[in-house]
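Survey of secondary and tertiary structure
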Amino acid sequence: MSVMVSPFDARRSRTSEKYTAYPADVLPMFVAEMDCVLAEPVRDALVRAVTDGDTGYVGHTRVLPEVFADFARRRWSWDVDPDLVRTTTDVSVAAVEVLRRVIAPGDEVVVMPPVYPPFREYVREAGGAVREVPLLPPAEDTAPDSTAPSDTTAGWRIDLDGLARAFADGARTVLLCNPHNPLGLVHAADDLVALARLAAEWDAVVVSDEIHAPLTHADAVFTPFLACCDEAAAVGVTLTSASKAWNLAGTKCALMVGASDRARGWFEGLPVEVVERTGILGYTASVAAFRDGEPWLATLLAELVGNRRVLAEELGRALPGAGYRQPQASYLAWLDLRALPWGDDPAAVLVDRARVALSSGPDFGRQGTGFARLNFGCSEETLREGLARLAAAR
């Protein structure tokens, strides 16, 4: 049975941003939220909590750290120490608060565009300055034939030489996105090891946002940054959540994971309220997701792989000249629309011309000029409708 629902059916009962930001006739394919039903274990846990009135402040338990450690061991053979796991409201708060522990005001923090737009805001909110070290694109000047099934985002790479220059100039922190949004790139283990050793050489810190990791597809291997080598464990902190894989963003719970005494010190320096603000319903939902939600996740991933394939097969026919590399993780497609007559920000044109809402490419950095991000976390019928609308807008 499909886990996806029609976005127009969802709009009748849901009040989240995805279904309220645009008029009712606009197909919402922008924000990273899926058109899906909740996993049954998660739904049942939330219903039970509400029925029991268990909606107060989050408790002082080790359940979620222990459950996540079990999940990480099963999923990635990653040994997480539950004593080095803390919770907070979401990954954005986790990023800001960890950065506040590891940088001084004005310090440069490296981000790797094209990248999730709030990364820059995290740095500024924490008191830092953004230093851009863009990812290295694939060797080809333009995206290869979008119909090629093997055409994935694996061609993108971390610019290690650019990072070395940034460190030489004084940057001492990297905000890593792994898997990388908007590309769906799963960073190669060798690149992560090289990043960790470079950070160790310069006494730098790597803060790794791994929120999309449970959504890694079968043709890629996700490597947790902290598990890639001893140097990574010494220099890094991982931020993650059940919110993307199980569609739980509004329940407000994320994890900060360390692997060293240094990280323990950073966590002990966090204001008490950073942890206390964790949502108890988010905590409850996260426990259920990581402990009992993998069968549902397997069904979801199968549907996403199907949509990923449909997009690869149909995009070139719907939009001749458009480029697309199949993401190795998540449900976000980075569309190269530079050959189409829609200017620097195609999403701004298409919301009116096609009645499809996409994410603006330039928001992800200047490397996003002429691009747009499409969310295919939907039914195949919805995806095909979106493609038909885009084709009609040519």
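Scroll up to find the structure this text is about.
Residues numbered from 1 in each chain as written. Predicted model: local features only at pLDDT ≥ 70, side-chain atom pairs only at ≥ 80, totals over all residues. Heavy atoms only, no water.

Considerations on the pairing of strand E5 (residues 173–177)
Most of E5 is tucked away, with five of its five residues classed as buried. The side-chain alternation of E5 yields two buried faces, one formed by Thr173, Leu175 and Cys177 and the other by Val174 and Leu176. Where strand E3 (residues 108–111) lies against E5, two bridges are found, and the strand directions are parallel. If you follow valine 110 over to E5, its bridge partner there is valine 174. As judged from the five bridges shared by E5 and strand E6 (residues 205–209), these two strands associate in the parallel manner. The partner of leucine 176 across the bridge, within E6, is serine 208. Read as a crossover between parallel neighbours, the route from E5 over helix H8 (residues 189–201) to E6 is right-handed. (Buried < 20%, exposed > 50% of the residue type's maximum accessible area, 1.4 Å probe, protein only. Helix = DSSP H or I, 4+ residues; strand = E, 2+ residues; numbered from the N terminus. Pairing = 2+ DSSP bridges. Right-handed = clockwise from strand over helix to strand, strands pointing away.)

What about the layout of surface pockets?
When its volume is computed, the largest pocket comes out at roughly 1100 Å³. Around the largest pocket, the lining is made up of 40 residues, and of these Val31, Ala32, Glu33, Lys244 and Ala249 lie nearest the centre. Residue assignment for the lining of the largest pocket shows that the elements contributing at least two residues are helix H5 (91–102) and strand E12 (359–360). By volume, the second largest pocket amounts to about 420 Å³. For the lining of the second largest pocket, the secondary-structure elements that each account for two or more residues are strand E2 (85–88), helix H10 (261–268) and helix H11 (272–276). Class assignment of the residues belonging to the lining of the second largest pocket gives a composition of ten nonpolar, four polar and five charged. (1 Å grid on protein atoms, 1.4 Å probe; cavity = no way out; pocket = protein on both sides within 12 Å on 5 of 7 lines; lining within 4 Å. Points joined across faces, edges and corners; volume = space filled by probe spheres on them. Nonpolar A, V, L, I, M, F, W, Y, C, P; charged D, E, K, R; others polar.)

Some thoughts on the pattern of salt bridges
Across all of its chains, the model carries 30 salt bridges by this definition. Between arginine 124 and glutamate 121 there is a salt bridge, and its shortest N-O distance comes to 2.9 Å. Taken together, the residues span about one helical turn, with arginine 124 and glutamate 121 both in helix H6 (residues 118–125) at a distance of three residues. For aspartate 219, the salt bridge identified is with arginine 308, shortest N-O distance 2.9 Å. One end of the pair, aspartate 219, is in the loop between E6 and helix H9 (230–235); the other, arginine 308, is in helix H13 (residues 294–318), and 89 residues separate them in sequence. Among the residues examined, aspartate 219 registers a relative accessible area of 42% and is labelled partly exposed. By sharing partners, the salt bridges in this structure join Glu314, Arg317, Glu380 and Arg384 into a single network. (Salt bridge = Lys/Arg side-chain N within 4 Å of Asp/Glu carboxyl O.)

A word on H6
Every buried residue belonging to H6 is among Phe119, Arg120, Tyr122 and Val123, and all of these are buried. Considered in projection along H6, the buried side chains sweep an arc of 155° and stay on one side of the axis. Of the surrounding elements, those touching the buried residues of H6 are H5, E3, strand E4 (129–132), E5 and E6. Phi for glycine 127, located one or two positions after H6, is positive at around 95°. (Arc of directions from axis to C-beta. Contact = heavy atoms within 4.5 Å.)

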